[in-house]
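One-letter residues, chain by chain:
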Amino acid sequence: MHFGRRDLLKVGASAAAVITLPGAGFASAQGRPIIDVHMHAYPAATPFPNPIVNPISGVKSPIRNGADHLSACIAEMKRHNVVKGIVSGGDGDRLQAAIDWHDRDPGRFVVGAGIRGSDEIPLPPLESLRKAFVEGKLQVLGEVTSQYAGLSLSDPKYDPYLAMAEELDIPVALHTGTMPEGTTFDPCCRPARARFGNPENVEEALNRHPKLRLNLMHCGWPYLDDTMAMLMLYPNVNVDTGATDWLLPRAHFHDYLRKLVEAGFGKRIMFGSDHMYWPDGIGLAIEGIESAAFLTEEQKRDIFYNNAVRFYKLKDV
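*Asks:* Outline the overall build of the protein chain, supporting the account with residue identities and numerical values.
*Replies:* A tally of helices and strands in the protein chain yields 11 helices and 10 strands. When the 317 residues of the protein chain are sorted by exposure, 59% land in the buried category. Long-range pairs, those at least 24 residues apart, make up 78% of the contacts in the protein chain between residues at least 6 apart in sequence. On the protein chain, roughly 12,500 Å² of surface is accessible, and the fraction owed to carbon and sulfur atoms is 55%. Taken as two groups, the 33 positive and 38 negative side-chain charges of the protein chain have centres that lie 2 Å from each other.

Structure, rendered in C-alpha cells:
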C-alpha cells in the first residue's frame, strides 16, 4: 500500500485554512439525498498507518484496517444522507474489495471494477470480467486508472474491454486529470505521466465506441478547456467532482466548477468524494458543493443526485 504516494499533504496545505469542517456551518446538503459516484474500498485485512490523518482537516482517525474503513464510510454516508455509492477497489484484490462492500450493504453500494493495465496491476481476463458483469456482481467498469500505467483509454489494449462495456451498456469511469505528487517516482507507476490524464486523449476511444457512457473522474482537472471540449462534442460523457471538491483550495475548485456550469454543463456534473483513506473526506466533499453560492438549489440537486441517477441508470434510489 503506497501511502507515501497518496498522502497529499502538500496539495492540501493551502486549502486547509479555507475549508469549514463538515458539520460546522452546513447541514448535510440540507437533507437532500446524495449519490457518491467516486468511492474506494480496501480489503478488510489491509493495515492502515497509525494514525490516519486527514490531509485537509488534520483530523486523526481511529481506523486501523480496511474493515474499520468500511464501517466508518458507512457511518459518514448515513450522517450525510448519501443513499448510494459507486465503489471500486483501491488496493489488493480490487474487484473483491468492492464486492465485499456491496455484500455488507447491498442497497447502498454499486460495484465498480477497478482496472489498470500496468505490469504490476494487469488487466483481468476479459471473459471472467464479462461473466461477473452478466451475473450482476459488477455494474461499472472503473475506476480505470490507465494514466498510472502510462497509457490513455484510447490505447488498443483497452478496446476489448470498452467493446464489452458498449455491448452490455456498462458505464465506464475513467481517472482523468493529474495524480498525487511523486507518483511517477513510485515503483508502482514509473510509466505514469501527466499528459495521459488529459481528457482529450479519450477521443479516439469514444469514436471507436460511440455508444460508450463515460464518466471523466476528477472533472478532468486541471484540463478545463479539454474537458469542456469533450462534454460539448460527446453527449454520452459526464464528469464527477471526486477529490477536486475537497483537496483543492476551495476558491479554485469553485472557480473551476462555476466555469463548467456557466458553459452549460450543469446536467452533466456528478458528485464524487474520492475519499480514499479518509472517510471524513465524504463530508468535506459535500461541503465543497454545498458552499458554492453560485449554484441554484436545482443545480445542487442535479449534482448531488439527479445526474448520477440518469447517467448510471440507477434504480431503487
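*Asks:* An account of the pattern of salt bridges is requested, with residue identities and associated values reported.
*Replies:* The tally for this structure, following the rule as stated, stands at 16 salt bridges. The residue arginine 258 makes a salt bridge to aspartate 255 at a minimum N-O spacing of 3.7 Å. On the criterion of helical spacing, the pair formed by arginine 258 and aspartate 255 is a turn pair, its members being 3 residues apart in helix H9 (residues 250-262). A residue is classified by how much of its surface remains accessible, and arginine 258, at 29% relative accessible area, is partly exposed. A residue is classified by how much of its surface remains accessible, and aspartate 255, at 30% relative accessible area, is partly exposed.

*Asks:* A description of the pairing of strand S4 (residues 82-89) should follow, citing residues and the corresponding values.
*Replies:* Across a regular strand the side chains alternate sides, sitting on one face of the sheet and then on the other. Judged by how many residues are buried, S4 sits mostly within the fold: 7 of 8 residues are covered. As paired elements, strand S1 (residues 34-41) and S4 share 6 bridges and run parallel to each other. In the strand pairing of S4, methionine 39 is matched with valine 87. Bridging between S4 and strand S5 (residues 109-115) involves 4 bridges; their strand directions are parallel.

*Asks:* Can you break down the nonpolar core residue by residue, with the values?
*Replies:* One finds Leu141, Leu153, Leu214 and Leu257 to be the most contacted residues of the largest nonpolar core, which totals 79 residues. When neighbours within four sequence positions are excluded, leucine 257 is seen to be in contact with Ile269, Ile289, Ala292, Phe294, Leu295 and Ile303. In terms of nonpolar packing, the next biggest core, distinct from the first, is built from 13 residues, Ile86, Val110, Val140 and Ala308 among them.

*Asks:* Give me the packing of aromatic side chains: which residues, what numbers.
*Replies:* Under the defined criterion, the tally for this structure stands at 8 aromatic pairs. Note on phenylalanine 48 and tyrosine 277: the rings are 5.9 Å apart at their centroids and 85° apart in plane angle, and the pair reads as edge-to-face. Of the two residues, phenylalanine 48 is situated in the loop between S1 and strand S2 (52-53) and tyrosine 277 in the loop between strand S10 (269-270) and helix H10 (281-290); the sequence distance between them amounts to 229 residues. Taken individually, phenylalanine 48 and tyrosine 277 each receive the classification buried, so the pair is uniform in this respect.

*Asks:* Requested: an account of the state of the cysteines, with residues and values cited.
*Replies:* Covalent bonding between the sulfur atoms of two cysteines is what defines a disulfide. Counted under the stated rule, the structure contains 1 disulfide. Linked covalently through their sulfurs, cysteine 188 and cysteine 189 form a disulfide whose S-S length is 2.2 Å. Handedness here is read from the sign of the S-S torsion; for cysteine 188 and cysteine 189, about -75°, the answer is left-handed.

*Asks:* Can you tell me about unusual backbone geometry, naming the residues and giving the values?
*Replies:* With an omega dihedral of 15°, the bond running from glycine 142 to glutamate 143 counts as a cis peptide bond. You can see glutamate 143 is positioned in strand S6 (residues 140-144). Residues tryptophan 221 and proline 222 are joined by a peptide bond in cis, for which omega reads 10°. Phi is positive for aspartate 169, close to 60°, though the residue is something other than glycine. Looking at where aspartate 169 falls in the secondary structure, it is placed in the loop between helix H5 (159-168) and strand S7 (172-175). Phi is positive for lysine 313, which is not a glycine, with a value near 55°. Mapped onto the secondary structure, lysine 313 falls in the segment after helix H11 (297-312). Judged by its relative accessible area of 49%, lysine 313 is partly exposed.

Reading the values: the criteria
- Residues numbered from 1 in each chain as written.
- Predicted model: local features only at pLDDT ≥ 70, side-chain atom pairs only at ≥ 80, totals over all residues.
- Heavy atoms only, no water.
- Helix = DSSP H or I, 4+ residues; strand = E, 2+ residues; numbered from the N terminus.
- Buried < 20%, exposed > 50% of the residue type's maximum accessible area, 1.4 Å probe, protein only.
- Contact = heavy atoms within 4.5 Å.
- Areas by Shrake-Rupley, 256 points an atom, 1.4 Å probe, with all protein chains shown as cover.
- Lys, Arg positive; Asp, Glu negative; His and termini not counted.
- Charge placed at Lys NZ, Arg CZ, Asp CG, Glu CD.
- Salt bridge = Lys/Arg side-chain N within 4 Å of Asp/Glu carboxyl O.
- Pairing = 2+ DSSP bridges.
- Core = buried A, V, L, I, M, F, W, Y, C linked by side-chain atoms within 4.5 Å.
- Phe/Tyr/Trp six-rings, centres within 6.5 Å; stacked < 30°, edge-to-face > 60°.
- Disulfide = S-S within 2.5 Å.

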